[in-house]
Amino acid sequence: MADLRSDFLGIKSPNPFWLASAPPTDRKVNVERAFRAGWGGVVWKTLGEAGPPVVNVSGARYGAIHGPDRRLIALNNIELITDRDLEINLREIKEVKRAWPDRALVTSLMVPCDEESWKAILARVEETECDGIELNFGCPHGMSERGMGSAVGQVPEYVEMVARWCKAHTRMPVIVKLTPNISDIRQPARAAKQGGADAVSLINTVNSIMGIDLDRMTPDVAIDGKGTHGGMCGPAVKPIALAMVAEIARDSVTRGLPISAIGGVTTWRDAAEYIALGAGTVQVCTAAMTYGFRIVEELTSGLAAYMDRKGYARIDDFRGRAVASITDWQHLNLNYVAKAHIHQDLCIKCGRCHIVCEDTSHQAIVAKLDGGRVFEVNESECVGCNLCVLVCPVEGCITLDHQTQGVDPRTGLAYERAPLPWTAHPNNPAVKAAE
Ligand SMILES: Cc1cc2nc3c(=O)[nH]c(=O)nc-3n(C[C@H](O)[C@H](O)[C@H](O)COP(=O)(O)O)c2cc1C
Ligand code: SF4
Ligand code: SF4
């Protein structure tokens, strides 16, 4: 049986599944329920500075997008950091860590952007004996208007500065949680590393308005007739997070920087994908808020079964294995040719492939409608774009097959040719200039 134990910055947990900083981790009773269910660790709901706690709205703070089967695809929230008293949170963190020494307990923090504020909270958090801190530079709503959250995360110089303060004022491992609301994720990640951070976690939520109620003419989640942009998470954000994790994993400056991956993890497969891109742990919020804490049973058993199938004894045996396959467009092999192939025995003759290719792709699926409906690929036109594969309602009915023998009727060139990336392509003006 695969060994799921994780050691992230020296923080040990029985599995790599941590609950992300959010409502599931905002109090002792929740966190203990989560640990009893089997979660490897938690990042406690973000604490703020001492003093009167923040005030949340008392109306709908969540919005969502559902699929046609009412499955939740994306969740949006306008919740702030913890609205519980700092002293109560600190006491509970200490009690939970004492009672659950084998689980990871990281405390998330967000205080004003000055060194004294960070120094003060770090001293208090250190007393709890928790395993580390996560700097919340991510929330795109509410706190950002007060100069915190994503207002810090969007300025690499601030990220570096605060990371450096934290490293100077605590012995605890420092994880910098990044906002996706930025054009180049490598900049804040590099800044975090430059400031001495031990790791990055990503992503926090994506700035968003989920919809407009066309009767009330307000955002579809509104408080007394007004709404605001919030933070989106859940399955819909996973592709965004995967791309950002990959950028950090392969960047020459941040390569090797430990990553705790977050964003849409709902199944063991999502987690395995992040691990394949180099993540040491994965954090989960929406899936727990949608299905409850016991989802961790499927996450751990599914991941272990996959690892057993593949012969991976430990997480590290496949961690980062997919990173080398990710490159820039200019390095893709332009001599590689694939063509669509329709498996007639599976075809239900709906015609969707024909319509989409005819209207929006390369007019490469021929419909023979006399004497029955038959759809066939015309290889002289097919560019292998994959659209028909994606819209066909029958899985496996259309496959995209790599061509290796013969001549491409579309281009007149042999299928089997040496790899040719754009960087060496004769149509590339830069190559011509170099010649
Ligand atoms: C209701 C709610 C509250 C959240 N509060 C915080 C927070 O206090 N601190 C923080 O760093 N992230 C917060 N997050 C973001 C999550 O920790 C996580 O980064 C995000 O939800 C993406 O993960 P997911 O797709 O698994 O939900 C919150 C998310 C939700 C849904
Ligand atoms: S792969 Fe693209 S071009 Fe080829 S048949 Fe399908 S939709 Fe048309
Ligand atoms: S979309 Fe798929 S099932 Fe429908 S006609 Fe095309 S190949 Fe057949």
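Residues numbered from 1 in each chain as written. Chains lettered and ligands numbered in written order. Predicted model: local features only at pLDDT ≥ 70, side-chain atom pairs only at ≥ 80, totals over all residues.

1. Notes on the overall build of the protein chain
Now for step 1: Each helix and strand counted, the protein chain has 13 helices and 20 strands in total.
Now for step 2: For the protein chain, the spread of C-alpha atoms along the principal axes amounts to about 75 × 60 × 50 Å.
Now for step 3: Per-residue burial over the protein chain gives 42% buried out of 435 residues.
Now for step 4: Taking the intrachain contacts of the protein chain between residues at least 6 apart in sequence as the baseline, contacts between residues at least 24 apart amount to 71%. (Helix = DSSP H or I, 4+ residues; strand = E, 2+ residues; numbered from the N terminus. Buried ≥ 20, exposed ≤ 12 C-beta atoms within 10 Å, placed from the backbone. Contact = placed C-beta atoms within 7 Å.)

2. A look at the sheet that holds strand 10 (residues 199-202)
Now for step 1: Taken together, the eight strands give a closed barrel; going around it, the order is 3-4-7-8-9-10-15-16, and neighbouring strands pair in parallel fashion. Neighbour to neighbour, the strand axes of the sheet diverge by 25° on average, direction disregarded. (Pairing = 2+ DSSP bridges. Axes fitted to C-alpha atoms, helices over the stretch in contact; angles between N-to-C directions.)

3. Side note on the packing of helix 8 (residues 268-276) against helix 10 (residues 295-310)
Now for step 1: Packing of helix 8 against helix 10 brings their axes to within 8 Å, and their N-to-C directions diverge by 60°. Of the possible angle classes, the one that applies to helix 8 and helix 10 is oblique. For the element pair helix 8 and helix 10, the recorded crossing hand is right-handed. Mapping the contact onto sequence places Trp268, Ala271 and Ala272 in helix 8 and Glu298, Leu299, Gly302, Leu303 and Tyr306 in helix 10.
Now for step 2: Its residues assigned to classes, the contact of helix 8 with helix 10 comprises six nonpolar, one polar and one charged. (Parallel < 35°, antiparallel > 145°, perpendicular 65-115°, else oblique. Left-handed = near helix turned anticlockwise from the far one by under 90°. Nonpolar A, V, L, I, M, F, W, Y, C, P; charged D, E, K, R; others polar.)

4. Topic: the site of ligand 1
Now for step 1: Near ligand 1 you find 28 residues, and of these Ala20, Asn77, Cys233, Cys285 and Thr286 are the closest.
Now for step 2: Looking at the shell around ligand 1, the elements that each hand over two or more residues are strand 4 (41-47), strand 6 (72-77) and helix 9 (286-291).
Now for step 3: For the shell around ligand 1, the class distribution of residues is 13 nonpolar, 12 polar and three charged. (Near = placed C-beta within 6 Å.)

5. Digging into the pairing of strand 5 (residues 62-66)
Now for step 1: Bridge analysis of strand 5 against strand 6 gives five bridges, and the strand direction is antiparallel. Across the sheet, residue Ala64 finds its bridge partner in strand 6, namely Leu75.
Now for step 2: As consecutive antiparallel partners, strand 5 and strand 6 are separated by five residues, and within that stretch Arg70 has a phi angle of approximately 70°, a positive value.

6. Comments concerning the site of ligand 3
Now for step 1: Lining the immediate environment of ligand 3, one finds 13 residues, of which Cys347, Cys350, Arg352, Cys353 and Cys392 sit closest.
Now for step 2: Counted by class, the shell around ligand 3 contains 10 nonpolar, one polar and two charged residues.

7. Overview of helix 5 (residues 156-169)
Now for step 1: Its 14 residues give helix 5 an end-to-end C-alpha distance of 20 Å, which sits within 8% of 20 Å, the value for a rise of 1.5 Å per residue.
Now for step 2: Among the residues of helix 5, Pro156, Val159, Glu160, Val162, Ala163, Trp165 and Cys166 are the ones counted as buried.
Now for step 3: At its buried positions, helix 5 is contacted by helix 3 (115-126), strand 8 (132-136), helix 4 (150-153), strand 9 (174-177) and helix 6 (186-194). (Expected span 1.5 Å × (residues − 1).)

8. Details of the environment of Cys233
Now for step 1: Mapping Cys233 onto the fold places it in strand 14 (residues 230-233).
Now for step 2: Taking the C-beta count within 10 Å as the criterion, Cys233 has 28 such neighbours and is therefore assigned buried.
Now for step 3: For the pair formed by Cys233 and Leu19, sequence separation is 214 residues and the distance between their alpha carbons is 14 Å.
Now for step 4: Sequence-distant contacts of Cys233, defined by excluding residues within four places in its chain, comprise Leu75, Thr205, Gly263, Cys285 and Thr286.

9. Overview of the domain arrangement of the protein chain
Interfaces are often sized by the accessible area lost when the parts come together.
Now for step 1: Considered domain by domain, the protein chain is made up of domain 1 (6-325) and domain 2 (331-434).
Now for step 2: Between the C-alpha centres of domain 1 and domain 2 there is a distance of 41 Å. (Domains from an automatic or database assignment.)

10. Some points on the packing of helix 1 (residues 28-37) against helix 2 (residues 86-99)
If you want to describe how two helices pack, look at the angle between their axes and the distance between the axes.
Now for step 1: Taken N-terminus to C-terminus, the directions of helix 1 and helix 2 make an angle of 20°; their axes are 10 Å apart at the nearest point. On the basis of the axis angle, helix 1 is roughly parallel to helix 2. Handedness of the helix 1/helix 2 crossing: right-handed. Touching Lys28, Val31 and Glu32 of helix 1 are Glu92, Glu95 and Val96, all from helix 2.

11. Focus on the pairing of strand 19 (residues 374-377)
Now for step 1: Here strand 18 (residues 365-368) pairs with strand 19 via four bridges, running antiparallel. Within the sheet, the bridge partner assigned to Ile365 lies in strand 19 and is Val377.
Now for step 2: Counted between consecutive antiparallel strands, the loop separating strand 18 from strand 19 contains five residues, among which Gly371 sits at a positive phi close to 70°.

12. Description of the environment of Met161
Now for step 1: Relative to the assigned elements, Met161 resides in helix 5.
Now for step 2: Exposure remark for Met161: the 18 C-beta atoms within 10 Å place this residue in the partly exposed category.
Now for step 3: Sequence separation between Met161 and Pro188 is 27 residues; the distance between their C-alpha atoms is 11 Å.

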